[in-house]
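Observations on the three-dimensional arrangement
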Amino acid sequence: MKDFKSHLTFTKQQRSGILFLLLLIVALQCVYVFIDVPSEDTKIDAQEIAFFQAEIDSLKAVKIEESTPKIYPFNPNFITDYKGYTLGMSNEEIDRLLAFRKQNKWINSAEDFQKVTLVSDELLDELSPYFKFPEWITNPKPKTYSYDSNTPKTYDQKIDLNLATASQLKRVNGIGEKLSERIVAYRAKLGGRFTSEVQLQDVYGLSEEVIQRINNDFVVKTPKEVSKISLNSATIEELVTIQHIDYEIANYILQERTLREGFKSLDELTKVKDFPIKKIEIIKLYLTL
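Summary of the structure given here.

Cut-offs and rules
- Residues numbered from 1 in each chain as written.
- Predicted model: local features only at pLDDT ≥ 70, side-chain atom pairs only at ≥ 80, totals over all residues.
- Heavy atoms only, no water.
- Helix = DSSP H or I, 4+ residues; strand = E, 2+ residues; numbered from the N terminus.
- Polar contact = N/O pair within 3.5 Å; in protein donor to acceptor, adjacent residues only side chain to side chain.
- Salt bridge = Lys/Arg side-chain N within 4 Å of Asp/Glu carboxyl O.
- Buried < 20%, exposed > 50% of the residue type's maximum accessible area, 1.4 Å probe, protein only.

Examining the side chain of Gln199
Relative to the elements of secondary structure, Gln199 occurs in the loop between helix H10 (177-189) and helix H11 (208-217). Separated by 2.6 Å, the side chain of Gln199 and the backbone nitrogen of Thr195 make a polar contact. Engagement of the side chain of Gln199 in a polar contact is seen with the side chain of Tyr286, the distance being 3.3 Å.

Here is the structure:
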(Lines give C-alpha, C1' and ligand atoms only; values in the text may rest on other atoms or scores of the structure.)
Protein backbone atom coordinates (compact mmCIF):
# COMPACT_ATOMS: atom_id res chain seq x y z
CA MET A 1 0.00 0.00 0.00
CA LYS A 2 2.88 2.28 0.80
CA ASP A 3 4.40 1.51 -2.62
CA PHE A 4 1.11 2.45 -4.30
CA LYS A 5 0.91 5.81 -2.44
CA SER A 6 4.47 6.55 -3.40
CA HIS A 7 3.34 6.71 -7.08
CA LEU A 8 0.80 9.41 -6.24
CA THR A 9 3.20 11.62 -4.32
CA PHE A 10 4.66 14.49 -6.36
CA THR A 11 7.03 17.25 -5.54
CA LYS A 12 6.06 20.90 -5.89
CA GLN A 13 8.06 21.20 -9.08
CA GLN A 14 6.38 18.11 -10.59
CA ARG A 15 2.90 19.42 -9.72
CA SER A 16 3.69 22.70 -11.43
CA GLY A 17 4.86 20.86 -14.58
CA ILE A 18 1.69 18.77 -14.72
CA LEU A 19 -0.49 21.89 -14.34
CA PHE A 20 1.39 23.64 -17.10
CA LEU A 21 0.94 20.63 -19.43
CA LEU A 22 -2.80 20.54 -18.78
CA LEU A 23 -3.13 24.25 -19.51
CA LEU A 24 -1.18 23.85 -22.75
CA ILE A 25 -3.46 21.01 -23.91
CA VAL A 26 -6.60 23.06 -23.14
CA ALA A 27 -5.18 26.06 -24.97
CA LEU A 28 -4.40 24.02 -28.11
CA GLN A 29 -7.91 22.53 -28.10
CA CYS A 30 -9.42 26.00 -27.94
CA VAL A 31 -7.29 27.20 -30.82
CA TYR A 32 -8.35 24.19 -32.95
CA VAL A 33 -12.07 24.66 -32.17
CA PHE A 34 -12.55 28.42 -32.15
CA ILE A 35 -9.96 29.82 -34.52
CA ASP A 36 -10.75 29.45 -38.28
CA VAL A 37 -7.51 28.94 -40.17
CA PRO A 38 -7.89 30.28 -43.71
CA SER A 39 -7.30 27.62 -46.37
CA GLU A 40 -5.99 28.06 -49.88
CA ASP A 41 -8.64 28.33 -52.59
CA THR A 42 -8.88 25.15 -54.68
CA LYS A 43 -9.09 25.86 -58.39
CA ILE A 44 -11.63 23.66 -60.23
CA ASP A 45 -11.08 23.01 -63.94
CA ALA A 46 -14.62 22.49 -65.29
CA GLN A 47 -13.38 21.42 -68.71
CA GLU A 48 -11.18 18.69 -67.26
CA ILE A 49 -14.02 17.42 -65.06
CA ALA A 50 -16.34 17.32 -68.07
CA PHE A 51 -13.74 15.33 -70.01
CA PHE A 52 -13.40 12.71 -67.26
CA GLN A 53 -17.18 12.51 -66.85
CA ALA A 54 -17.61 11.87 -70.58
CA GLU A 55 -15.00 9.13 -70.42
CA ILE A 56 -16.79 7.50 -67.48
CA ASP A 57 -20.12 7.68 -69.35
CA SER A 58 -18.59 6.05 -72.45
CA LEU A 59 -17.13 3.22 -70.35
CA LYS A 60 -20.54 2.68 -68.76
CA ALA A 61 -22.16 2.55 -72.20
CA VAL A 62 -19.62 -0.03 -73.41
CA LYS A 63 -20.24 -2.14 -70.31
CA ILE A 64 -24.00 -1.99 -70.84
CA GLU A 65 -23.55 -2.94 -74.52
CA GLU A 66 -21.39 -5.91 -73.59
CA SER A 67 -23.87 -7.16 -71.02
CA THR A 68 -26.82 -6.89 -73.44
CA PRO A 69 -27.68 -10.31 -75.01
CA LYS A 70 -26.72 -10.32 -78.70
CA ILE A 71 -28.69 -11.90 -81.53
CA TYR A 72 -26.66 -13.58 -84.25
CA PRO A 73 -27.99 -14.55 -87.70
CA PHE A 74 -29.99 -17.79 -87.54
CA ASN A 75 -32.25 -20.01 -89.62
CA PRO A 76 -35.80 -19.64 -88.23
CA ASN A 77 -36.58 -23.23 -89.23
CA PHE A 78 -34.40 -24.47 -86.35
CA ILE A 79 -35.67 -22.33 -83.47
CA THR A 80 -35.83 -24.36 -80.25
CA ASP A 81 -38.02 -23.69 -77.20
CA TYR A 82 -35.19 -21.91 -75.41
CA LYS A 83 -34.15 -19.93 -78.51
CA GLY A 84 -37.72 -18.79 -79.11
CA TYR A 85 -38.06 -17.72 -75.47
CA THR A 86 -34.90 -15.61 -75.65
CA LEU A 87 -36.18 -14.01 -78.86
CA GLY A 88 -39.37 -12.91 -77.13
CA MET A 89 -41.75 -15.44 -78.70
CA SER A 90 -44.70 -16.77 -76.72
CA ASN A 91 -45.20 -20.48 -76.04
CA GLU A 92 -48.08 -20.59 -78.52
CA GLU A 93 -45.96 -19.05 -81.29
CA ILE A 94 -43.12 -21.50 -80.64
CA ASP A 95 -45.54 -24.46 -80.63
CA ARG A 96 -47.00 -23.39 -83.99
CA LEU A 97 -43.52 -23.29 -85.49
CA LEU A 98 -42.54 -26.71 -84.10
CA ALA A 99 -45.81 -28.28 -85.28
CA PHE A 100 -45.22 -26.84 -88.77
CA ARG A 101 -41.68 -28.28 -88.90
CA LYS A 102 -42.89 -31.72 -87.78
CA GLN A 103 -44.80 -31.87 -91.07
CA ASN A 104 -41.41 -31.66 -92.83
CA LYS A 105 -42.31 -28.22 -94.17
CA TRP A 106 -39.91 -25.30 -94.41
CA ILE A 107 -40.08 -21.55 -93.85
CA ASN A 108 -38.42 -19.70 -96.71
CA SER A 109 -39.16 -16.05 -95.94
CA ALA A 110 -40.07 -13.63 -93.17
CA GLU A 111 -43.65 -13.62 -94.48
CA ASP A 112 -43.82 -17.41 -94.12
CA PHE A 113 -42.52 -17.10 -90.56
CA GLN A 114 -45.32 -14.70 -89.60
CA LYS A 115 -48.00 -16.79 -91.32
CA VAL A 116 -46.94 -19.90 -89.42
CA THR A 117 -46.22 -18.42 -85.98
CA LEU A 118 -48.65 -15.45 -86.06
CA VAL A 119 -46.07 -13.19 -84.39
CA SER A 120 -46.81 -9.48 -84.24
CA ASP A 121 -45.51 -7.05 -86.82
CA GLU A 122 -43.31 -5.43 -84.16
CA LEU A 123 -41.60 -8.70 -83.23
CA LEU A 124 -41.23 -9.65 -86.89
CA ASP A 125 -39.54 -6.33 -87.66
CA GLU A 126 -37.18 -6.96 -84.75
CA LEU A 127 -36.27 -10.56 -85.72
CA SER A 128 -36.41 -10.64 -89.52
CA PRO A 129 -33.09 -8.77 -90.05
CA TYR A 130 -31.37 -11.74 -88.36
CA PHE A 131 -33.04 -14.43 -90.50
CA LYS A 132 -30.49 -16.43 -92.48
CA PHE A 133 -31.85 -18.79 -95.12
CA PRO A 134 -29.83 -21.24 -97.28
CA GLU A 135 -28.02 -19.90 -100.33
CA TRP A 136 -30.37 -21.72 -102.73
CA ILE A 137 -33.28 -19.80 -101.16
CA THR A 138 -31.75 -16.32 -101.03
CA ASN A 139 -29.82 -16.65 -104.31
CA PRO A 140 -31.60 -19.21 -106.47
CA LYS A 141 -29.76 -20.16 -109.63
CA PRO A 142 -31.65 -20.05 -112.90
CA LYS A 143 -32.82 -23.43 -114.04
CA THR A 144 -30.79 -24.91 -116.84
CA TYR A 145 -31.61 -27.79 -119.08
CA SER A 146 -30.01 -31.05 -118.05
CA TYR A 147 -30.12 -34.52 -119.50
CA ASP A 148 -32.59 -36.92 -117.96
CA SER A 149 -30.27 -39.67 -116.75
CA ASN A 150 -33.18 -41.83 -115.61
CA THR A 151 -34.51 -42.31 -119.14
CA PRO A 152 -32.51 -44.95 -121.07
CA LYS A 153 -31.43 -43.81 -124.53
CA THR A 154 -30.70 -45.85 -127.57
CA TYR A 155 -27.32 -45.84 -129.31
CA ASP A 156 -28.65 -43.51 -132.00
CA GLN A 157 -30.09 -41.09 -129.44
CA LYS A 158 -26.77 -40.73 -127.65
CA ILE A 159 -24.24 -38.04 -128.62
CA ASP A 160 -20.81 -39.07 -129.86
CA LEU A 161 -18.44 -38.47 -126.95
CA ASN A 162 -15.69 -37.58 -129.41
CA LEU A 163 -17.80 -34.77 -130.88
CA ALA A 164 -19.39 -33.49 -127.65
CA THR A 165 -18.71 -29.88 -126.71
CA ALA A 166 -18.03 -28.58 -123.22
CA SER A 167 -21.48 -26.94 -123.22
CA GLN A 168 -23.18 -30.25 -123.98
CA LEU A 169 -21.21 -32.06 -121.29
CA LYS A 170 -22.11 -29.36 -118.77
CA ARG A 171 -25.76 -30.38 -119.03
CA VAL A 172 -25.00 -33.64 -117.25
CA ASN A 173 -25.85 -33.44 -113.56
CA GLY A 174 -22.60 -33.23 -111.61
CA ILE A 175 -20.51 -31.65 -114.37
CA GLY A 176 -19.68 -27.97 -114.17
CA GLU A 177 -17.57 -25.69 -116.29
CA LYS A 178 -14.22 -27.01 -115.02
CA LEU A 179 -15.06 -30.70 -115.39
CA SER A 180 -16.50 -30.24 -118.87
CA GLU A 181 -13.38 -28.39 -120.01
CA ARG A 182 -11.20 -31.05 -118.35
CA ILE A 183 -12.93 -33.82 -120.34
CA VAL A 184 -12.41 -31.97 -123.62
CA ALA A 185 -8.77 -31.26 -122.71
CA TYR A 186 -8.11 -34.91 -121.87
CA ARG A 187 -9.71 -35.97 -125.14
CA ALA A 188 -7.33 -33.64 -126.96
CA LYS A 189 -4.43 -35.18 -125.04
CA LEU A 190 -5.43 -38.60 -126.39
CA GLY A 191 -5.18 -37.26 -129.92
CA GLY A 192 -8.65 -35.78 -130.21
CA ARG A 193 -10.65 -38.98 -129.72
CA PHE A 194 -11.47 -41.50 -127.04
CA THR A 195 -11.05 -45.17 -127.83
CA SER A 196 -13.68 -46.13 -125.26
CA GLU A 197 -15.87 -44.56 -122.63
CA VAL A 198 -13.80 -46.30 -119.92
CA GLN A 199 -11.06 -43.73 -120.51
CA LEU A 200 -13.24 -41.23 -118.65
CA GLN A 201 -11.90 -42.90 -115.51
CA ASP A 202 -8.61 -41.08 -116.11
CA VAL A 203 -10.24 -37.64 -116.06
CA TYR A 204 -9.44 -36.13 -112.67
CA GLY A 205 -12.50 -35.29 -110.58
CA LEU A 206 -15.01 -37.59 -112.32
CA SER A 207 -16.72 -39.99 -109.92
CA GLU A 208 -18.15 -43.33 -111.01
CA GLU A 209 -21.66 -41.96 -110.55
CA VAL A 210 -21.03 -38.99 -112.84
CA ILE A 211 -19.34 -41.24 -115.43
CA GLN A 212 -22.47 -43.41 -115.42
CA ARG A 213 -24.60 -40.34 -116.11
CA ILE A 214 -22.30 -39.41 -118.99
CA ASN A 215 -22.63 -42.91 -120.42
CA ASN A 216 -26.42 -42.57 -120.34
CA ASP A 217 -26.25 -39.71 -122.84
CA PHE A 218 -22.91 -40.08 -124.63
CA VAL A 219 -21.10 -42.92 -126.35
CA VAL A 220 -17.90 -43.26 -128.39
CA LYS A 221 -19.17 -43.68 -131.95
CA THR A 222 -15.91 -42.81 -133.72
CA PRO A 223 -13.24 -44.55 -131.61
CA LYS A 224 -9.57 -43.83 -132.03
CA GLU A 225 -7.70 -46.81 -133.45
CA VAL A 226 -4.79 -48.08 -131.35
CA SER A 227 -2.04 -50.56 -132.12
CA LYS A 228 -2.52 -53.44 -129.71
CA ILE A 229 0.39 -55.28 -128.14
CA SER A 230 0.47 -59.06 -127.84
CA LEU A 231 0.47 -59.81 -124.13
CA ASN A 232 2.15 -63.20 -124.44
CA SER A 233 5.09 -61.90 -126.49
CA ALA A 234 5.46 -58.29 -125.33
CA THR A 235 8.74 -57.07 -123.89
CA ILE A 236 9.08 -54.85 -120.86
CA GLU A 237 9.82 -51.88 -123.12
CA GLU A 238 6.58 -52.47 -125.02
CA LEU A 239 4.47 -52.93 -121.89
CA VAL A 240 5.61 -49.70 -120.27
CA THR A 241 4.25 -47.74 -123.22
CA ILE A 242 0.78 -48.63 -121.96
CA GLN A 243 -0.79 -46.20 -119.55
CA HIS A 244 -0.79 -47.29 -115.88
CA ILE A 245 1.98 -49.88 -116.42
CA ASP A 246 5.45 -48.99 -115.14
CA TYR A 247 8.66 -51.00 -115.23
CA GLU A 248 7.97 -52.76 -111.94
CA ILE A 249 4.50 -53.93 -112.98
CA ALA A 250 5.79 -54.88 -116.43
CA ASN A 251 8.42 -57.07 -114.78
CA TYR A 252 5.77 -58.72 -112.58
CA ILE A 253 3.67 -59.37 -115.72
CA LEU A 254 6.56 -61.22 -117.37
CA GLN A 255 7.12 -63.27 -114.22
CA GLU A 256 3.45 -64.24 -114.06
CA ARG A 257 3.43 -65.02 -117.78
CA THR A 258 6.36 -67.42 -117.30
CA LEU A 259 4.65 -69.16 -114.37
CA ARG A 260 1.44 -69.59 -116.34
CA GLU A 261 3.26 -70.48 -119.56
CA GLY A 262 1.34 -67.69 -121.19
CA PHE A 263 -1.87 -65.90 -120.32
CA LYS A 264 -5.14 -67.53 -121.40
CA SER A 265 -7.19 -64.34 -120.98
CA LEU A 266 -6.56 -60.66 -120.33
CA ASP A 267 -8.48 -60.90 -117.06
CA GLU A 268 -5.68 -63.07 -115.65
CA LEU A 269 -3.69 -59.83 -115.32
CA THR A 270 -5.56 -59.21 -112.08
CA LYS A 271 -3.42 -61.98 -110.54
CA VAL A 272 -0.22 -60.03 -111.24
CA LYS A 273 1.41 -58.49 -108.17
CA ASP A 274 0.59 -54.79 -107.65
CA PHE A 275 -1.47 -54.69 -110.84
CA PRO A 276 -3.82 -51.63 -110.99
CA ILE A 277 -7.02 -53.66 -111.06
CA LYS A 278 -9.29 -50.59 -111.22
CA LYS A 279 -7.64 -49.58 -114.50
CA ILE A 280 -7.73 -53.01 -116.17
CA GLU A 281 -10.46 -52.04 -118.65
CA ILE A 282 -8.32 -49.15 -119.89
CA ILE A 283 -5.19 -51.34 -120.09
CA LYS A 284 -7.09 -54.02 -122.01
CA LEU A 285 -7.71 -51.48 -124.79
CA TYR A 286 -4.02 -51.74 -125.72
CA LEU A 287 -3.52 -55.51 -125.38
CA THR A 288 -4.37 -58.64 -127.28
CA LEU A 289 -3.58 -62.35 -126.87
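Looking at unusual backbone geometry
In this structure, Leu118 is a non-glycine residue whose phi angle is positive, near 65°. Considering the arrangement of structural elements, one finds Leu118 in the loop between helix H6 (110-117) and helix H7 (121-127). Even without a glycine there, the phi angle at Asp274 is positive, about 60°. Mapped onto the secondary structure, Asp274 falls in the loop between helix H13 (247-260) and helix H14 (280-283).

A few points about the pattern of salt bridges
The final tally for this structure, using the stated rule, is 7 salt bridges. Among the salt bridges present, the one from Asp217 reaches Lys153, with a minimum N-O distance of 2.7 Å. Placement of Asp217 in helix H11 and of Lys153 in the loop between helix H8 (135-138) and strand S1 (159-160) is noted, with a sequence separation of 64 residues between them. The class of Lys153 is partly exposed, set by a relative accessible area of 26%. Of the charged contacts in the structure, one is a salt bridge between Arg260 and Glu268, with a shortest N-O distance of 3.7 Å. On the accessibility criterion, Glu268 (17% relative accessible area) is buried. One continuous salt-bridge network, built from bridges that share partners, spans Glu256, Arg260 and Glu268.

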